[in-house]
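A closer look at the structure
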Amino acid sequence: MKFMKLGTRPDTFFTADSVRSVSTEVATDLQILVDGCVYHLHKILCVARERTPQFPLLSKCMLLQALCADSGAGAGGDTVELPGFPGGAEAFESCAKFCYGITITVSARNLVPLRCAAAHLGMSEAADRGNLAAKLDAFLASCLLRRWKDALGVLHSTRHYAPLCEDLGLTSRCVDAVAALIVSPDTAPPAKSSTSASPWWAHDIAELGVDLFWRIMVAVKATGAVHEKTVGDALKAYARRWLPNVAAKDGHGHGLPGAADQPFDSDAAGNGADVKQITTRHRLLLEKIVSLLPAERDAVSCGFLLKLLKAANILSASVASKAELVRRVAWQLEEASVADLLVPSLSCVSETLYDVDAVAAILEEFALRYAAAAPAPPPPPPLALALSGSPDDSPSGGHHRRSRSAESVSFDGTRRSLSAAPVSQGALARVGKLVDGFLIEVARDPNMPLDKLLAIAEAVPDSARPEHDGLYKVVDTYLKAHPEMSKSARKRLCRVLNCRKLSEKACTHAAQNELLPLRVVVQVLFFEHARAAALAPGGHAVAASELPSNIRALLSKTSGSSEDEEADRVDEQRLRALAAGASPGDDWSVEGLRRAASKIATLRMKLAEDEEEDRDADEFARKAGLARSASLRFRAFCAMPSGKPKRMLSKLWPLGSRSGVSH
């Protein structure tokens, strides 16, 4: 650390009780009270053998000249009081020693209080040539501001005298000097190199208050000489320093730093500040960090942005800050993890464990980004309407409906972002897997509304899910957590599934899942059978028109005699037992199917159940303009391969033949 010595005389100040005096051959005639300490000094001291005055205290201090010029000030033992003196008694004593020619040492540690004290006393060139203020300014510019540690130390000490340092221009000079040293290639890094990914200077400036840090980062970004990824690393280091619980690696902390350790230039937070004041200050810190986020897409990680979003929820940050974080997360959503998306819900309105509305907003922005790279689709209802739970088409008939986000956003020109990166198919698949993982977690919440779950599930395009195994796990988890669901609600939930995209393992589980509606189990078995028929040597699918007339008549019926509740329960158990691997054991030729067609009690029961559920959902479906006749849906759904029947349907037909009904 550089230092400067001023003056050549030895120190002659001494202390008696709370009085500080200077030892000379002439009696003192001026008393000055500073910070509870009384100084006995001289106005102008003349020695008999010398014509020129010595120790010219008043000649160098314009403030003392003005005070002593008042009537009786400093005379007759009166004391001149200097309340609120910057730097206190120590800084005043150094200024007094300078006037007496006594040696004082100036360094980065005490330059700021000395400069503020000199300014307060009026020790400028207007009072005397070579005065203290000018010497301090020269030392600051020529030495301290050219060295990293010294410049940072001077800047750090300005926080105690912020208003006066701003008026003197000290803070601005130090900020500019630190920023220049950061971007300068000649600035030597610290001897101990950092093992973290942060730049060498990030740890040092992270110790500054938020206002000083913000000004330095603005100055650094304005130069354009530092890569934006480096700026992002510095922001992450600062957030880790002052928001340790919400920026931790696990991202699950909800607390705030203690009041005694605050990133602010004022000391008020350490002096009994209440929680509300601390929260307000940390909210300001967070919003400053958000305002400094670099424009480059990958300058900061998606995980870090989501941790900031969690902190914004905890601290009730501004709407603009949250919206910016949501937009930035959507740009790089494919980089996130499920844990990152689990934003805790602190709303008094919502009872859910996690903030699904924030995730819905992120997915809506992601839909904008996804559609920006492709021709805009026809304008369908936005995601906000999807949250209200509007129904859509059933996946029956082999036509799985498109997810709402693939159709959802009609682009407003002002919202298109030219800087948004296009979404590759790999990134889209990662987002689909991410959303399914998030939904599995929130589906366990008993307070999770079905409408919001469906809105999130439908907020990514169909192409984001090559398989629906994850979505099936969401459905299964939600059904287990909500056993009180009605039949119509279970049917709405299962509409998000495309049974064609279920793997063999998922189909096996679904066929034995007693929580699923029976229509879904039958559909799963049918598509599994169709897939097996397509893969078998010489196997081919046949349209429903090639089926026998009595089977076609059965499948096209929209009404029929309903079985009583006990019979339905028994038939459903038998169907599930057959799906689990019961032996078919009969003639499964086409002729055998014709003979057994009139005896298929299981399919009759399926039609009756389908009709009952359709009546419950009829008004719901009309609102979306999607009502279809049960016969059309089920005819398309039950299309079966011709020729050699496969094992799936062979498990259904024996129900009729074993029921004991004769032709």
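Residues numbered from 1 in each chain as written. Predicted model: local features only at pLDDT ≥ 70, side-chain atom pairs only at ≥ 80, totals over all residues. Heavy atoms only, no water.

The condition that has to hold: UniProt positions are given in the numbering used here, feature names are shortened, and annotations may be inferred rather than shown by experiment.
Within an unreviewed UniProt entry, the label attached to the protein chain reads NPH3 domain-containing protein, and the organism entered is Paspalum notatum var. saurae. Within the UniProt record for the protein chain, the comment given under Pathway (unreviewed entry) is "Protein modification; protein ubiquitination." In its Sequence similarities (unreviewed entry) section, the UniProt record describing the protein chain reads: "Belongs to the NPH3 family."

**Some remarks on the pattern of salt bridges**
Condition: Note on definitions: salt bridges are taken to be side-chain nitrogens of Lys or Arg within 4 Å of carboxyl oxygens of Asp or Glu. Strands are runs of DSSP state E lasting at least 2 residues, helices are runs of H or I lasting at least 4, and numbering of each runs from the N terminus. Each residue's exposure class comes from its accessible area (1.4 Å probe, protein chains only) as a fraction of the maximum for that residue type: buried when under 20%, exposed when over 50%, partly exposed otherwise.
Under the counting rule described, the total for this entry stands at 20 salt bridges. Between lysine 60 and aspartate 128 there is a salt bridge, with its nearest N and O atoms 2.7 Å apart. Within this pair, whereas lysine 60 is found in helix 1 (residues 57-60), its partner aspartate 128 is found in the loop between helix 4 (111-121) and helix 5 (132-142), the two being separated by 68 residues in sequence. Exposure remark for aspartate 128: the relative accessible area of 25% places this residue in the partly exposed category. For aspartate 436, the salt bridge identified is with arginine 465, shortest N-O distance 2.9 Å. Residue aspartate 436 is located in helix 19 (residues 425-443), and its partner arginine 465 is located in the loop between helix 20 (450-457) and helix 21 (469-481); the two are separated by 29 residues in the primary sequence. Comparing aspartate 436 with arginine 465 shows no difference in burial state: the two are buried. When salt bridges that share partners are traced, they join Asp11, Arg20, Glu93 and Lys97 into one network.

**Examining the packing of helix 3 (residues 88-100) against helix 4**
How we decide: To obtain an axis, a line is fitted to C-alpha atoms, over the contacting stretch when the element is a helix, and the angle between two such axes runs from 0 to 180 degrees between their N-to-C directions. These descriptions rest on fixed angle ranges, namely under 35 degrees for roughly parallel, over 145 for roughly antiparallel, 65 to 115 for roughly perpendicular, and the rest for oblique. A crossing counts as left-handed when the near helix is turned anticlockwise from the far one by less than a right angle, and as right-handed when that turn is clockwise. Contacts were defined at the residue level, with two residues in contact if any of their heavy atoms lie within 4.5 Å. Amino acids outside the nonpolar list (Ala, Val, Leu, Ile, Met, Phe, Trp, Tyr, Cys, Pro) and the charged list (Asp, Glu, Lys, Arg) are all regarded as polar, and Gly is one of them.
The contact between helix 3 and helix 4 brings their axes to 9 Å, and the two run at 70°. The orientation of helix 3 relative to helix 4 falls into the category roughly perpendicular. At the point where helix 3 passes helix 4, the crossing takes the right-handed sense. Residues Ala91, Phe92, Ser94 and Cys95 of helix 3 form the contact with helix 4, whose participating residues are Pro113, Leu114, Ala117, Ala118 and Leu121. Within the contact of helix 3 with helix 4, the residues separate by chemical class into 8 nonpolar, 1 polar and no charged.

**Regarding the environment of leucine 286**
Residue position: leucine 286 is located in helix 12 (residues 275-291). Taking the C-alpha atoms as reference, leucine 286 lies 9.8 Å from serine 318; in sequence the two are 32 residues apart.

**Examining the state of the cysteines**
This is how it is decided: The disulfide criterion is simple: two cysteine sulfur atoms within 2.5 Å.
Under the criterion given, the structure shown has 0 disulfides. Among the cysteines around cysteine 68, which has no disulfide bond, cysteine 61 carries the closest sulfur, lying 9.9 Å off. Classification of cysteine 68 by relative accessible area gives buried; the value is 15%.

**Re unusual backbone geometry**
Where the residue is not glycine, phi is negative for most of them; where a peptide bond is considered, it is trans in most cases. Within the chain, aspartate 17 stands out as a residue other than glycine whose phi angle is a positive 60°. Relative to the assigned elements, aspartate 17 resides in the loop between strand 2 (13-16) and strand 3 (19-22). Of note in this structure, serine 316 is not a glycine but carries a positive phi near 55°. Locating serine 316 in the fold gives a position in the loop between helix 13 (302-315) and helix 14 (319-331).

**Here we look at the packing of helix 19 against helix 21**
The contact between helix 19 and helix 21 brings their axes to 8 Å, and the two run at 5°. When the interaxial angle is binned, helix 19 and helix 21 end up roughly parallel. Facing helix 19, whose interface residues are Asp436, Leu439, Ile440 and Ala443, helix 21 presents Gly470, Leu471, Lys473, Val474, Thr477, Tyr478 and Ala481. Residue composition of the contact of helix 19 with helix 21, by class: 7 nonpolar, 2 polar and 2 charged.

**A short note on the nonpolar core**
Definition in use: For the purposes of this section, nonpolar cores are sets of buried Ala, Val, Leu, Ile, Met, Phe, Trp, Tyr and Cys residues that join through side-chain atoms within 4.5 Å.
With 158 residues, the main nonpolar core has Leu41, Ile205 and Leu333 as its most contacted residues. Filtering out sequence-adjacent residues up to four positions away, isoleucine 205 remains in contact with Trp148, Leu152, Val178, Phe213, Ile216, Met217 and Tyr238.

**What to know about the environment of arginine 495**
For arginine 495, the position within the fold is in the loop between helix 22 (487-494) and helix 23 (504-511). On a C-alpha basis, the gap between arginine 495 and valine 520 in space is 9.1 Å, while along the polypeptide they are 25 residues apart.

**Points about the pairing of strand 4 (residues 30-34)**
Strand residues, when the strand is regular, have side chains that alternate between the two faces of the sheet. Operational definition: Pairing between two strands is assigned when DSSP locates at least 2 bridges connecting them.
Burial along strand 4 is one-sided: the face carrying Leu30, Ile32 and Val34 is buried and the face carrying Gln31 and Leu33 is not. Strand direction decides the pairing type here: strand 4 and strand 5 (residues 37-41), joined by 5 bridges, are antiparallel. Bridge pairing in strand 5 places isoleucine 32 opposite tyrosine 39. Here strand 4 folds back onto strand 5 in antiparallel fashion, the turn holding 2 residues, of which aspartate 35 has a positive phi close to 55°. The sheet contact formed by strand 4 and strand 8 (residues 79-81) spans 3 bridges and is parallel. Bridge pairing in strand 8 places glutamine 31 opposite threonine 79.

**A short note on the sheet that holds strand 4**
Across the sheet, which stays open at both edges, the 5 strands sit in the order 2-3-5-4-8 with mixed pairing between neighbours. What marks the edges here is a single partner per strand, and that holds for strand 2 and strand 8. Averaged over all adjacent pairs, the angle separating strand axes in this sheet is 25°, with direction ignored. Packed on one face of the sheet, helix 3 meets strand 2, strand 3, strand 4 and strand 5 and runs near 10° to strand 5.

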